[in-house]
Amino acid sequence: MNTAPDNFVQTLQDAGLGSEWEWKFGSWWTTPQALDVRATTMKMLALNARFVAISATEQPDKEIRLHYQWDLNGQLLSFVTATLAQRIASITDLCPAADWVERETREYFAVEFTGRKNTKSLMTRDGDPIGINLHKEVEK
Amino acid sequence: MSYSIPIGPYHPALEEPYKLEVICDGGVVSDAIMNLGFNFRGIEYLAERRNYLQGITLVERVCGICSNVHSLSYCRTVEQLTGAEPPERAHYIRVIVAELERLHSHFLWSGTAAKLIGFKTIFMACFTLREKVMDALSTISGNRVNYGMNCIGGVNRDIADPKAILNILDELESDISHVVLPIFLHDKSVESRCKGIGILTTEQAKAMGAVGPLARASGVGQDIRKSAPYCAYDRLEFNVPVETTGDVRARLVVHALEMVESCRILRQALSKLPEGPIHTKTSAGRFKVPAGTAISRTEAPRGEVLYEITSNGTDIPERVRVRTPTFMNMATVRLAVIGQELADSPLIQASCDPCYSCTDR
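Residues numbered from 1 in each chain as written. Chains lettered and ligands numbered in written order. Predicted model: local features only at pLDDT ≥ 70, side-chain atom pairs only at ≥ 80, totals over all residues.

J.: When you look at the overall build of chain B in this model, what are you seeing that I'm missing?
T.: Across its full length, chain B holds 15 helices and 8 strands. What you see for chain B is a C-alpha radius of gyration of 20 Å, in line with the 21 Å of a compact globule of 361 residues. Along the longest, intermediate and shortest principal axes, the C-alpha atoms of chain B span 65 × 45 × 30 Å. Among the 361 residues that make up chain B, the fraction classed as buried is 54%. Summarising the internal contacts of chain B: among those between residues at least 6 apart in sequence, 70% fall at separations of at least 24. (Helix = DSSP H or I, 4+ residues; strand = E, 2+ residues; numbered from the N terminus. Rg over C-alpha atoms; globule rule 2.2 N^0.38 Å. Buried ≥ 20, exposed ≤ 12 C-beta atoms within 10 Å, placed from the backbone. Contact = placed C-beta atoms within 7 Å.)

J.: Could you clarify how one ought to interpret the sheet that holds strand S2 (residues 27-30) of chain A in this entry?
T.: Two strands in a sheet stick together by hydrogen bonds in their backbones, pointing the same way (parallel) or opposite ways (antiparallel). Residues and elements named next belong to chain A. Strand order in the open sheet made by the 5 strands is S1-S2-S5-S4-S3, with mixed pairing throughout. Two strands bound the open sheet, and with one partner strand each, they are strand S1 (22-24) and strand S3 (50-58). Across the sheet, the axes of successive neighbouring strands diverge by a mean angle of 30 degrees, strand direction being ignored. As paired elements, S1 and S2 share 3 bridges and run antiparallel to each other. Note that in S2 the partner of Lys24 across the bridge is Ser27. Against the sheet, helix H3 (residues 99-109) engages S3 and strand S4 (64-72), with an angle of about 5 degrees to S3. (Pairing = 2+ DSSP bridges. Axes fitted to C-alpha atoms, helices over the stretch in contact; angles between N-to-C directions.)

J.: What is the right way to look at the interface of chain A and chain B in this model?
T.: Taken together, the contacts link 21 residues of chain A with 30 residues of chain B. Examining the composition of the side of chain A that touches chain B, we find that 6 residues originate from one element, S3(A), more than from any other. Within the side of chain A that touches chain B, the residues separate by chemical class into 10 nonpolar, 9 polar and 2 charged. (Nonpolar A, V, L, I, M, F, W, Y, C, P; charged D, E, K, R; others polar.)

J.: Would you mind showing me how to read the sheet that holds strand S7 (residues 303-311) of chain B here?
T.: Residue and element names in this part refer to chain B. With antiparallel pairing, the 3 strands of this open sheet are ordered in space as S6-S7-S8. Strands at the two margins of the open sheet, each flanked by one partner only, are strand S6 (292-300) and strand S8 (319-323). Strand after strand, the sheet turns through a mean of 10 degrees between neighbouring axes, direction not considered. Bridging between S7 and S8 involves 5 bridges; their strand directions are antiparallel. Paired with Thr310 across the strands is Arg319, a residue of S8. Against the sheet, helix H3 (residues 67-82) engages S6 and S7, with an angle of about 145 degrees to S6.

J.: Got a minute to help me understand the nonpolar core in this structure?
T.: Soluble, globular proteins show a tendency: their nonpolar side chains are buried together. Residue and element names in this part refer to chain B. Judged by nonpolar contacts, the single largest core of 138 residues is most densely connected at Val95 and Ile96. The leading source of residues in this core is helix H4 (residues 88-117), at 15 residues. Beyond its immediate stretch of four places on either side in the chain, Val95 contacts Cys231, Ala232, Tyr233, Ile265 and Ala269. (Core = buried A, V, L, I, M, F, W, Y, C linked by C-beta atoms within 7 Å.)

J.: How should the environment of B:Cys231 be read in this particular structure?
T.: Residues and elements named next belong to chain B. Mapped onto the fold, Cys231 is located in the loop between helix H10 (224-227) and helix H11 (248-272). Sequence separation between Cys231 and Thr128 is 103 residues; the distance between their C-alpha atoms is 30 Å. Apart from residues no more than four positions distant in its own chain, Cys231 is found in contact with His91, Arg94 and Val95.

J.: Is there a simple way to explain the pairing of S8(B) in this structure?
T.: Side-chain direction in a regular strand flips from residue to residue, so the side chains alternate between the two faces of the sheet. In terms of residue burial, S8(B) counts as a mostly covered element, since 5 of its 5 residues are buried. Along S8(B), one buried face is formed by B:Arg319, B:Arg321 and B:Arg323 and the opposite face, lined by B:Val320 and B:Val322, is buried too.

J.: It is not clear to me how unusual backbone geometry should be interpreted in this structure. Could you clarify?
T.: Backbone phi values are negative for most residues with the exception of glycine, while trans is the configuration of most peptide bonds. All names here are of chain B. In this structure, Cys231 takes a positive phi of about 45 degrees despite not being glycine. Even without being a glycine, Arg361 presents a positive backbone phi close to 55 degrees. Topologically, Arg361 is positioned in the segment after helix H15 (356-360).

J.: Explain the packing of helix H6 (residues 162-186) of chain B against H11(B) to me, please; I cannot follow it from the model alone.
T.: Angle between the axes and distance between the axes are the two parameters that describe a pair of packed helices. Residue and element names in this part refer to chain B. It is at 10 Å that the axes of H6 and H11 come closest, and there the two elements cross at 160 degrees. The orientation of H6 relative to H11 falls into the category roughly antiparallel. Like other packed secondary-structure pairs, H6 and H11 cross with a definite hand, here left-handed. Contacts between H6 and H11 involve Pro162, Ile165, Leu166, Leu169, Leu172, Glu173, Ile176, Val180, Leu181, Phe184 and Leu185 from the first element and Leu252, Val253, Ala256, Met259, Val260, Cys263, Leu266, Arg267 and Leu270 from the second. Along the lines of polarity and charge, the residues of the contact of H6 with H11 split into 18 nonpolar, no polar and 2 charged. (Parallel < 35°, antiparallel > 145°, perpendicular 65-115°, else oblique. Left-handed = near helix turned anticlockwise from the far one by under 90°.)

J.: Looking at this structure, how should I read the environment of B:Pro354?
T.: Residue and element names in this part refer to chain B. The topology assignment puts Pro354 in the loop between helix H14 (345-351) and H15. Residue classification places Pro354 among the buried positions, given that 22 C-beta atoms sit within 10 Å. Linking Pro354 and Cys63, residues 291 residues apart in sequence, is a C-alpha distance of 11 Å.

J.: Sorry if this is basic, but what is going on with the pairing of strand S5 (residues 75-82) of chain A here?
T.: Residues and elements named next belong to chain A. Within S5, 6 of the 8 residues are buried, which leaves the element mostly enclosed by the surrounding structure. Two elements, S2 and S5, share 3 bridges in a ladder whose sense is parallel. Each residue of the ladder has a partner; that of Trp29, found in S5, is Ser78. Sheet analysis places S4 next to S5, joined by 8 bridges and oriented antiparallel. Within S5, the residue paired with Leu72 across the bridge is Gln75. Connecting S4 to the antiparallel partner S5 that follows it, the hairpin turn spans 2 residues, and Asn73 within it adopts a positive phi of roughly 55 degrees.

This is the structure:
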């Protein structure tokens, strides 16, 4: 159920978060041409938004699509982007809440978050293979 | 000279598998390193290899305490994709089961906290009360743990006799107001043991993305039932208790007051339970999930649960993402124990209401 105020998209636009927003299936979605995750993180923190999650999905071309999800006054915002050669900038130094999520995403989908200080495994043990959630059996 | 104490992987106080490496200067904790993954089962991976109906059964096994909230979130997400809106009676039944689950989870937490405080009388009292809630859940669903209540488009079982649940609720409310509230809110022993320890400030809670009672005890007044209402929560009156001190005592107070609010929600939902069907026709299995991505958020006993499901149009989901509340809350333990007495660390860890089964999935 969309409970956003009428001027919600305008609020996002005024904050420099773009104007192409669509409410669909439980979230506000935007797919910018080239998402700068660090700049977006700073804008969301300036709005006092709460970091919720990063959701990764493997694409047929083996690229990984990422959804950066934030809660702004009870509204869920999803910024959609794709990794470049399965690498993307880390936001943990700006938003500590993303630390475990980035570590988990690396282990499940082999996405490297560049600029991280702590690269220790979270769910698996150090030295275990990464990308354990990738659809490998499809290739067989 | 600092020294390190490895605790776990089988935690002696919390009786769950995780490992905490506590670094101390004398008796004071200077840092803590958490090791997780001992309960990692690859639930997301498995859910992407089962059809939507099998997925409901699977995700209910993410957690043994808040099992219902996982199947509820999963079904709500698929319902957005299919458009299978549950009937009004199903919305109310979902609220009733969710609040009973919150009550039994909070009683479990309160009992565990009381045991770590050293107040074993209250531990016994809380677990006795929890049994009454489990009886109510058993009466409704036939099960004490995995209730199997949710299906896509509604619920599997009706509540035939709401008055029987109301009678149990009468007893619970009386016991909460006469036993739990006086101890957790006013008892001097509990206050002196919990006040001022394990503080998580409002800024820290926000920075770490903390959710649920832990965040609300640190002054972050978010609750998905209020901010993004689902099921029948927007038709029911309740308050969201918030404390600002961020210490263990604040967490006790928030949990105790949330029990009162859950009883209040239950009484309204049971009294207003509308007539009608309990699921749409699609819940007989005749539904098609079109391609797309849907998200739902639900307020579990420990805070916000997020499910994101991507469908490729087949009967097996392309992606099932599960983000549990403890996954966000556990990292705050490090901040809460630094500078505290080592002897207080088990209580501080427990006061975050951790669930490692949820966290590891």
